[in-house]
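As a plain string of letters, each chain reads:
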Amino acid sequence: MNDKILVTRSTMPAFEEYVEAIRPLWDSHWLTNMGCFHRELESQLKDYLDVQEVSLVVNGHMALELAIQAFEFPSNAEIITTPFTFISTTHAIVRNGLKPVFCDVKVSDGTMDDKKIEGLISDKTVAIIPVHVYGNVCNVDAIQRIADKYGLKVIYDAAHAFGVKYKDKGIGGYGDAAVFSFHATKVFNTIEGGAVTFSAHEMYEKLYNLKNFGIRGEEIVSDIGANAKMNEFAAIMGLCNLRHISEAIEKRERLCAYYLEELSNVRGIRVFDSKKAVERNYAYFPIIVEKEYNMSRNGLYDWLRENNIFARKYFYPLTSDQECYKNKFKDNKLECAKELAEKVLVLPLYPELKREDIKRISDLIKIKGKV
Ligand SMILES: *Cc1c(COP(=O)(O)O)cnc(C)c1O
(Lines give C-alpha, C1' and ligand atoms only; values in the text may rest on other atoms or scores of the structure.)
Protein backbone atom coordinates (compact mmCIF):
# COMPACT_ATOMS: atom_id res chain seq x y z
CA MET A 1 0.00 0.00 0.00
CA ASN A 2 1.23 3.48 -0.82
CA ASP A 3 1.85 6.04 1.90
CA LYS A 4 -0.98 8.11 3.24
CA ILE A 5 -1.33 11.53 1.67
CA LEU A 6 -3.31 14.05 3.70
CA VAL A 7 -4.96 17.16 2.27
CA THR A 8 -2.27 19.38 3.74
CA ARG A 9 0.93 19.33 5.74
CA SER A 10 2.17 22.19 7.92
CA THR A 11 5.09 24.20 6.60
CA MET A 12 8.02 24.39 9.02
CA PRO A 13 11.42 26.07 8.89
CA ALA A 14 14.53 23.95 9.43
CA PHE A 15 14.79 22.87 13.08
CA GLU A 16 18.12 24.70 13.52
CA GLU A 17 16.71 27.89 12.04
CA TYR A 18 13.88 27.99 14.57
CA VAL A 19 16.06 27.02 17.52
CA GLU A 20 18.55 29.75 16.65
CA ALA A 21 15.71 32.25 16.33
CA ILE A 22 14.16 31.51 19.74
CA ARG A 23 17.52 31.62 21.58
CA PRO A 24 17.11 35.34 22.57
CA LEU A 25 14.02 34.39 24.58
CA TRP A 26 16.32 32.57 27.02
CA ASP A 27 18.13 35.85 27.66
CA SER A 28 15.12 38.15 27.86
CA HIS A 29 12.62 35.76 29.47
CA TRP A 30 10.03 37.92 27.64
CA LEU A 31 7.63 35.32 26.24
CA THR A 32 4.49 37.27 25.39
CA ASN A 33 2.73 40.63 25.98
CA MET A 34 3.59 42.29 22.67
CA GLY A 35 7.30 41.56 22.87
CA CYS A 36 9.84 42.58 20.25
CA PHE A 37 9.11 39.60 17.98
CA HIS A 38 5.39 40.30 18.04
CA ARG A 39 6.13 43.87 16.97
CA GLU A 40 8.72 42.76 14.41
CA LEU A 41 6.28 40.35 12.79
CA GLU A 42 3.58 43.05 12.65
CA SER A 43 6.04 45.30 10.91
CA GLN A 44 7.22 42.68 8.38
CA LEU A 45 3.64 41.65 7.64
CA LYS A 46 2.67 45.24 6.85
CA ASP A 47 5.25 45.10 4.07
CA TYR A 48 4.54 41.61 2.88
CA LEU A 49 0.75 41.96 2.90
CA ASP A 50 1.00 45.49 1.51
CA VAL A 51 -1.40 46.96 4.09
CA GLN A 52 -1.30 50.03 6.33
CA GLU A 53 -1.92 48.38 9.69
CA VAL A 54 -1.62 44.88 11.14
CA SER A 55 -2.69 43.65 14.57
CA LEU A 56 -1.49 40.16 15.48
CA VAL A 57 -3.82 37.90 17.37
CA VAL A 58 -3.69 34.44 18.92
CA ASN A 59 -5.65 32.81 16.05
CA GLY A 60 -7.76 33.62 13.03
CA HIS A 61 -11.03 33.03 14.80
CA MET A 62 -10.29 35.54 17.55
CA ALA A 63 -9.08 37.94 14.88
CA LEU A 64 -12.55 37.70 13.32
CA GLU A 65 -14.38 38.01 16.65
CA LEU A 66 -12.35 41.04 17.70
CA ALA A 67 -12.50 42.70 14.29
CA ILE A 68 -16.30 42.50 14.42
CA GLN A 69 -16.38 43.62 18.05
CA ALA A 70 -14.19 46.62 17.26
CA PHE A 71 -16.98 48.18 15.20
CA GLU A 72 -19.38 48.14 18.20
CA PHE A 73 -22.46 47.20 16.19
CA PRO A 74 -25.79 47.36 18.04
CA SER A 75 -26.85 43.95 19.39
CA ASN A 76 -29.14 41.89 17.16
CA ALA A 77 -28.00 43.79 14.09
CA GLU A 78 -27.71 41.72 10.92
CA ILE A 79 -24.56 40.83 9.02
CA ILE A 80 -24.69 39.44 5.51
CA THR A 81 -22.27 36.56 5.11
CA THR A 82 -21.70 33.33 3.19
CA PRO A 83 -22.55 29.77 4.25
CA PHE A 84 -19.80 28.36 2.00
CA THR A 85 -16.88 28.73 4.40
CA PHE A 86 -15.29 27.33 7.51
CA ILE A 87 -17.69 27.45 10.46
CA SER A 88 -15.58 30.13 12.20
CA THR A 89 -16.94 32.95 10.00
CA THR A 90 -20.52 32.57 11.26
CA HIS A 91 -19.50 31.65 14.81
CA ALA A 92 -17.65 34.97 15.06
CA ILE A 93 -20.82 36.87 14.09
CA VAL A 94 -23.13 34.95 16.43
CA ARG A 95 -20.68 35.02 19.35
CA ASN A 96 -20.78 38.82 19.02
CA GLY A 97 -24.55 38.77 19.59
CA LEU A 98 -25.28 39.54 15.92
CA LYS A 99 -27.44 37.77 13.34
CA PRO A 100 -25.99 36.14 10.25
CA VAL A 101 -27.97 36.51 7.02
CA PHE A 102 -26.72 33.99 4.51
CA CYS A 103 -26.12 35.12 0.96
CA ASP A 104 -25.65 32.68 -1.92
CA VAL A 105 -22.31 32.27 -3.71
CA LYS A 106 -21.24 32.04 -7.34
CA VAL A 107 -20.64 28.56 -8.76
CA SER A 108 -17.80 30.03 -10.84
CA ASP A 109 -15.52 30.73 -7.86
CA GLY A 110 -17.39 30.05 -4.59
CA THR A 111 -17.33 33.68 -3.40
CA MET A 112 -20.39 35.71 -2.34
CA ASP A 113 -22.70 36.56 -5.24
CA ASP A 114 -22.70 40.36 -5.15
CA LYS A 115 -25.88 40.43 -7.26
CA LYS A 116 -27.79 38.73 -4.45
CA ILE A 117 -26.63 41.03 -1.62
CA GLU A 118 -28.98 43.99 -2.03
CA GLY A 119 -32.11 41.85 -1.75
CA LEU A 120 -30.97 40.79 1.74
CA ILE A 121 -30.36 44.25 3.15
CA SER A 122 -32.83 45.36 5.83
CA ASP A 123 -32.90 48.31 8.22
CA LYS A 124 -31.00 46.11 10.68
CA THR A 125 -28.10 45.34 8.35
CA VAL A 126 -24.79 46.82 9.52
CA ALA A 127 -22.09 44.92 7.67
CA ILE A 128 -21.10 42.40 5.02
CA ILE A 129 -18.60 39.63 5.80
CA PRO A 130 -17.61 37.90 2.55
CA VAL A 131 -14.89 35.24 2.35
CA HIS A 132 -12.07 35.02 -0.19
CA VAL A 133 -12.70 31.30 -0.20
CA TYR A 134 -9.68 29.16 -1.33
CA GLY A 135 -7.93 32.49 -1.95
CA ASN A 136 -10.43 33.29 -4.74
CA VAL A 137 -10.91 37.05 -4.66
CA CYS A 138 -14.46 38.30 -4.01
CA ASN A 139 -15.99 40.89 -6.27
CA VAL A 140 -14.51 43.58 -4.02
CA ASP A 141 -15.41 46.56 -6.22
CA ALA A 142 -19.10 45.66 -6.48
CA ILE A 143 -19.29 44.79 -2.77
CA GLN A 144 -17.75 48.15 -1.84
CA ARG A 145 -20.25 49.99 -4.06
CA ILE A 146 -23.14 48.28 -2.26
CA ALA A 147 -21.60 48.97 1.15
CA ASP A 148 -21.15 52.66 0.30
CA LYS A 149 -24.69 52.96 -1.00
CA TYR A 150 -26.21 51.55 2.21
CA GLY A 151 -23.60 52.74 4.72
CA LEU A 152 -22.42 49.23 5.66
CA LYS A 153 -19.03 48.06 6.90
CA VAL A 154 -17.18 45.36 5.00
CA ILE A 155 -14.97 42.89 6.86
CA TYR A 156 -13.31 40.28 4.69
CA ASP A 157 -12.54 36.82 5.98
CA ALA A 158 -9.19 36.51 4.19
CA ALA A 159 -8.12 33.40 6.11
CA HIS A 160 -7.33 31.67 2.79
CA ALA A 161 -5.85 34.67 1.05
CA PHE A 162 -2.44 35.27 2.63
CA GLY A 163 -0.24 37.11 0.14
CA VAL A 164 -2.97 37.46 -2.48
CA LYS A 165 -3.02 40.73 -4.41
CA TYR A 166 -5.74 42.27 -6.52
CA LYS A 167 -5.01 45.09 -8.96
CA ASP A 168 -1.50 45.34 -7.49
CA LYS A 169 -2.84 45.96 -3.99
CA GLY A 170 -2.66 43.62 -0.99
CA ILE A 171 -6.00 41.86 -0.48
CA GLY A 172 -6.03 42.95 3.19
CA GLY A 173 -6.38 46.56 2.06
CA TYR A 174 -9.91 46.07 0.71
CA GLY A 175 -12.93 46.78 2.89
CA ASP A 176 -12.87 48.27 6.39
CA ALA A 177 -10.86 45.34 7.74
CA ALA A 178 -9.65 41.90 6.67
CA VAL A 179 -8.84 38.89 8.79
CA PHE A 180 -6.09 36.33 8.18
CA SER A 181 -5.48 32.95 9.79
CA PHE A 182 -1.99 31.69 10.50
CA HIS A 183 -3.17 28.28 11.65
CA ALA A 184 -0.77 25.37 11.10
CA THR A 185 -2.72 24.24 8.03
CA LYS A 186 -2.71 27.56 6.21
CA VAL A 187 -0.33 28.88 3.52
CA PHE A 188 1.57 30.84 6.17
CA ASN A 189 1.57 29.70 9.78
CA THR A 190 2.63 30.84 13.23
CA ILE A 191 1.51 27.42 14.61
CA GLU A 192 -1.72 29.10 15.75
CA GLY A 193 -2.19 32.73 14.94
CA GLY A 194 -4.05 35.35 13.01
CA ALA A 195 -4.17 39.02 12.15
CA VAL A 196 -6.53 41.84 11.40
CA THR A 197 -5.48 44.31 8.69
CA PHE A 198 -7.04 47.75 8.15
CA SER A 199 -6.16 51.37 7.39
CA ALA A 200 -7.64 53.40 10.26
CA HIS A 201 -5.06 53.78 13.03
CA GLU A 202 -7.75 54.12 15.76
CA MET A 203 -8.60 50.54 14.97
CA TYR A 204 -5.09 49.48 16.03
CA GLU A 205 -5.66 50.98 19.49
CA LYS A 206 -9.12 49.42 19.73
CA LEU A 207 -7.81 45.96 18.79
CA TYR A 208 -4.88 46.38 21.16
CA ASN A 209 -7.41 46.87 23.96
CA LEU A 210 -9.55 43.97 22.84
CA LYS A 211 -6.62 41.55 22.69
CA ASN A 212 -5.08 42.63 26.02
CA PHE A 213 -7.88 43.07 28.58
CA GLY A 214 -8.12 46.79 27.77
CA ILE A 215 -5.02 47.37 29.91
CA ARG A 216 -3.35 50.70 29.04
CA GLY A 217 -1.05 51.14 32.02
CA GLU A 218 -0.11 49.57 35.33
CA GLU A 219 -3.16 51.05 36.97
CA ILE A 220 -5.37 51.76 33.97
CA VAL A 221 -7.96 49.52 32.33
CA SER A 222 -9.85 51.54 29.74
CA ASP A 223 -11.82 48.91 27.82
CA ILE A 224 -13.43 45.49 28.35
CA GLY A 225 -11.01 43.37 26.37
CA ALA A 226 -10.36 39.67 26.05
CA ASN A 227 -6.94 38.01 26.00
CA ALA A 228 -5.94 37.20 22.45
CA LYS A 229 -2.27 38.15 22.21
CA MET A 230 0.11 36.26 19.96
CA ASN A 231 3.05 34.94 22.00
CA GLU A 232 6.73 35.27 21.09
CA PHE A 233 7.30 31.61 20.12
CA ALA A 234 4.46 31.90 17.62
CA ALA A 235 5.71 35.25 16.31
CA ILE A 236 9.18 33.76 15.79
CA MET A 237 7.71 30.80 13.92
CA GLY A 238 6.06 33.39 11.71
CA LEU A 239 9.29 35.33 11.15
CA CYS A 240 11.05 32.10 10.11
CA ASN A 241 8.23 30.95 7.80
CA LEU A 242 7.97 34.41 6.25
CA ARG A 243 11.58 34.15 5.04
CA HIS A 244 10.58 31.17 2.88
CA ILE A 245 7.07 32.19 1.86
CA SER A 246 7.81 33.15 -1.75
CA GLU A 247 9.51 29.84 -2.39
CA ALA A 248 6.62 27.98 -0.75
CA ILE A 249 4.04 29.75 -2.92
CA GLU A 250 6.10 29.13 -6.07
CA LYS A 251 6.18 25.43 -5.27
CA ARG A 252 2.41 25.44 -4.78
CA GLU A 253 1.99 27.18 -8.12
CA ARG A 254 4.06 24.55 -9.95
CA LEU A 255 2.13 21.73 -8.30
CA CYS A 256 -1.21 23.31 -9.24
CA ALA A 257 -0.03 23.63 -12.84
CA TYR A 258 0.86 19.95 -12.79
CA TYR A 259 -2.57 18.97 -11.42
CA LEU A 260 -4.20 21.04 -14.17
CA GLU A 261 -2.10 19.39 -16.83
CA GLU A 262 -3.03 15.94 -15.53
CA LEU A 263 -6.73 16.61 -15.01
CA SER A 264 -7.64 19.00 -17.80
CA ASN A 265 -8.98 16.27 -20.08
CA VAL A 266 -11.05 14.42 -17.56
CA ARG A 267 -14.73 14.90 -18.40
CA GLY A 268 -16.77 16.37 -15.57
CA ILE A 269 -13.85 17.57 -13.47
CA ARG A 270 -13.82 21.37 -13.34
CA VAL A 271 -11.73 23.92 -11.48
CA PHE A 272 -12.77 27.40 -10.33
CA ASP A 273 -12.32 30.40 -12.60
CA SER A 274 -9.55 32.73 -11.58
CA LYS A 275 -10.18 36.43 -11.79
CA LYS A 276 -8.08 38.80 -13.87
CA ALA A 277 -5.55 41.04 -12.09
CA VAL A 278 -5.15 38.59 -9.21
CA GLU A 279 -1.79 37.50 -7.87
CA ARG A 280 -2.71 34.13 -6.38
CA ASN A 281 -1.34 32.15 -3.42
CA TYR A 282 -2.37 28.63 -4.54
CA ALA A 283 -3.62 27.85 -1.05
CA TYR A 284 -5.84 24.93 -2.11
CA PHE A 285 -6.61 22.76 -5.12
CA PRO A 286 -10.40 22.37 -5.13
CA ILE A 287 -12.07 20.47 -7.95
CA ILE A 288 -15.77 20.41 -8.81
CA VAL A 289 -17.12 16.98 -9.65
CA GLU A 290 -19.86 17.57 -12.24
CA LYS A 291 -22.54 15.13 -13.42
CA GLU A 292 -20.52 14.22 -16.52
CA TYR A 293 -17.95 12.50 -14.32
CA ASN A 294 -18.62 8.81 -13.77
CA MET A 295 -18.91 9.10 -10.03
CA SER A 296 -20.39 11.47 -7.49
CA ARG A 297 -18.13 13.67 -5.37
CA ASN A 298 -18.78 11.37 -2.42
CA GLY A 299 -17.90 8.35 -4.52
CA LEU A 300 -14.65 9.93 -5.60
CA TYR A 301 -13.85 10.94 -2.02
CA ASP A 302 -14.35 7.31 -0.89
CA TRP A 303 -12.34 5.91 -3.83
CA LEU A 304 -9.39 8.17 -3.04
CA ARG A 305 -9.65 7.27 0.63
CA GLU A 306 -9.55 3.55 -0.16
CA ASN A 307 -6.26 4.35 -1.86
CA ASN A 308 -4.87 6.28 1.09
CA ILE A 309 -5.49 9.74 -0.38
CA PHE A 310 -7.29 11.93 2.11
CA ALA A 311 -9.03 14.69 0.15
CA ARG A 312 -11.55 16.86 2.02
CA LYS A 313 -15.11 17.97 1.35
CA TYR A 314 -14.46 21.66 2.01
CA PHE A 315 -17.09 23.09 2.49
CA TYR A 316 -19.72 20.48 3.20
CA PRO A 317 -22.12 20.69 4.94
CA LEU A 318 -22.83 24.39 4.52
CA THR A 319 -22.66 26.43 7.71
CA SER A 320 -26.41 27.07 7.40
CA ASP A 321 -27.03 23.29 7.46
CA GLN A 322 -24.92 22.55 10.53
CA GLU A 323 -26.73 21.30 13.60
CA CYS A 324 -26.09 24.51 15.54
CA TYR A 325 -27.54 26.79 12.83
CA LYS A 326 -30.09 24.72 10.94
CA ASN A 327 -33.55 26.31 10.98
CA LYS A 328 -32.38 29.08 13.32
CA PHE A 329 -31.94 31.83 10.76
CA LYS A 330 -33.84 33.03 7.72
CA ASP A 331 -33.70 30.37 5.04
CA ASN A 332 -32.65 32.32 1.97
CA LYS A 333 -32.29 30.53 -1.30
CA LEU A 334 -28.78 29.18 -1.32
CA GLU A 335 -28.99 27.08 -4.45
CA CYS A 336 -25.50 27.64 -5.76
CA ALA A 337 -23.90 27.19 -2.34
CA LYS A 338 -25.83 23.93 -1.92
CA GLU A 339 -24.78 22.74 -5.34
CA LEU A 340 -21.11 23.51 -4.69
CA ALA A 341 -21.18 21.88 -1.27
CA GLU A 342 -22.34 18.66 -2.98
CA LYS A 343 -19.73 18.80 -5.73
CA VAL A 344 -16.51 20.23 -4.36
CA LEU A 345 -13.49 18.21 -3.30
CA VAL A 346 -10.19 19.68 -2.12
CA LEU A 347 -7.21 17.60 -3.26
CA PRO A 348 -3.94 17.36 -1.32
CA LEU A 349 -1.63 20.33 -1.79
CA TYR A 350 1.40 21.55 0.15
CA PRO A 351 4.86 22.69 -0.92
CA GLU A 352 6.60 19.35 -0.20
CA LEU A 353 4.02 17.31 -2.12
CA LYS A 354 5.82 15.41 -4.87
CA ARG A 355 5.01 15.36 -8.57
CA GLU A 356 4.69 11.59 -8.38
CA ASP A 357 2.08 11.99 -5.64
CA ILE A 358 0.05 14.23 -7.94
CA LYS A 359 0.48 11.69 -10.72
CA ARG A 360 -0.81 8.96 -8.41
CA ILE A 361 -3.82 11.05 -7.32
CA SER A 362 -4.62 12.14 -10.89
CA ASP A 363 -4.36 8.59 -12.18
CA LEU A 364 -6.84 7.44 -9.56
CA ILE A 365 -9.24 10.19 -10.70
CA LYS A 366 -8.71 9.32 -14.38
CA ILE A 367 -9.31 5.57 -13.89
CA LYS A 368 -12.86 6.33 -12.76
CA GLY A 369 -13.53 9.01 -15.37
CA LYS A 370 -13.81 9.22 -19.12
CA VAL A 371 -10.87 10.98 -20.71
C1 LIG B 1 -8.96 28.79 9.25
C2 LIG B 1 -10.12 29.68 9.04
C3 LIG B 1 -10.61 30.51 10.05
C4 LIG B 1 -10.17 30.43 11.48
O5 LIG B 1 -8.82 30.59 11.66
P6 LIG B 1 -8.07 29.86 12.89
O7 LIG B 1 -6.69 30.45 12.81
O8 LIG B 1 -8.11 28.39 12.65
O9 LIG B 1 -8.77 30.25 14.15
C10 LIG B 1 -11.63 31.40 9.73
N11 LIG B 1 -12.16 31.44 8.50
C12 LIG B 1 -11.76 30.63 7.52
C13 LIG B 1 -12.37 30.75 6.16
C14 LIG B 1 -10.74 29.69 7.77
O15 LIG B 1 -10.36 28.86 6.79
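For clarity, every value in this text was computed on a predicted model and none was experimentally measured. (Residues numbered from 1 in each chain as written. Predicted model: local features only at pLDDT ≥ 70, side-chain atom pairs only at ≥ 80, totals over all residues. Heavy atoms only, no water.)

Chemist: Give a description of the domain arrangement of the chain that names residues and reports values.
Modeler: One can read the domain layout of the chain as domain 1 (15-243) and domain 2 (245-367). In this structure, domain 1 and domain 2 have C-alpha centres spaced 25 Å apart. With 45 residues of domain 1 at the contact, the number on the domain 2 side is 37 residues. Three residues, Val107, Tyr134 and Val187, lead the burial of domain 1 against domain 2; their summed loss comes to 21% of the area buried on that side. Here domain 1 is connected to domain 2 by 0 salt bridges. Across the domain 1-domain 2 interface, the total number found is 15 residue pairs in polar contact (both at pLDDT 80 or more). Elements supplying a minimum of two residues to the side of domain 1 that touches domain 2: helix H5 (88-94), strand E4 (99-102), strand E7 (165-166) and helix H8 (232-243). Looking at which element gives the most residues to the side of domain 1 that touches domain 2, the answer is E4, with 4 residues. (Domains from an automatic or database assignment. Contact = heavy atoms within 4.5 Å. Buried area = accessible area lost by both parts, 1.4 Å probe. Salt bridge = Lys/Arg side-chain N within 4 Å of Asp/Glu carboxyl O. Polar contact = N/O pair within 3.5 Å; in protein donor to acceptor, adjacent residues only side chain to side chain. Helix = DSSP H or I, 4+ residues; strand = E, 2+ residues; numbered from the N terminus.)

Chemist: Describe the side chain of histidine 160, with residues and values.
Modeler: Looking at the element boundaries, histidine 160 is found in the loop between strand E6 (153-157) and E7. A distance of 2.7 Å separates the side chain of histidine 160 from the backbone nitrogen of tyrosine 134, its partner in a polar contact.

Chemist: For the site of the ligand, give the residues involved together with the corresponding values.
Modeler: Surveying the vicinity of the ligand reveals 14 residues, the closest of which are His61, Asp157, His160, Ser181 and Lys186. The separation between an oxygen atom of the ligand and a polar main-chain atom of histidine 61 is 2.8 Å. A distance of 2.7 Å is found between an oxygen atom of the ligand and a side-chain nitrogen or oxygen belonging to serine 181. Protein contacts shield 92% of the accessible area of the ligand, which totals 380 Å² for the unbound molecule. Where the shell around the ligand is concerned, the elements lending two or more residues are helix H4 (60-70) and H5. Looking at the shell around the ligand residue by residue, the classes come out as 2 nonpolar, 10 polar and 2 charged. (Near = heavy atom within 4 Å. Areas by Shrake-Rupley, 256 points an atom, 1.4 Å probe, with all protein chains shown as cover. Nonpolar A, V, L, I, M, F, W, Y, C, P; charged D, E, K, R; others polar.)

Chemist: So what's going on with the sheet that holds strand E13 (residues 269-270)? Which residues, and what values?
Modeler: Taken together, the 3 strands give an open sheet; going across it, the order is E13-E15-E17, and neighbouring strands pair in antiparallel fashion. The open sheet has two free edges, formed respectively by E13 and strand E17 (344-347), since each of these has just one partner strand. Pairing of E13 with strand E15 (residues 285-289), which is carried by 2 bridges, proceeds in the antiparallel orientation. Bridge pairing in E15 links isoleucine 269 to valine 289. Contacting E15 and E17, helix H9 (residues 245-263) crosses the sheet at an angle of about 20° to E15. Against the sheet, helix H10 (residues 297-306) touches E13, E15 and E17, its axis set at about 25° to E17. (Pairing = 2+ DSSP bridges. Axes fitted to C-alpha atoms, helices over the stretch in contact; angles between N-to-C directions.)

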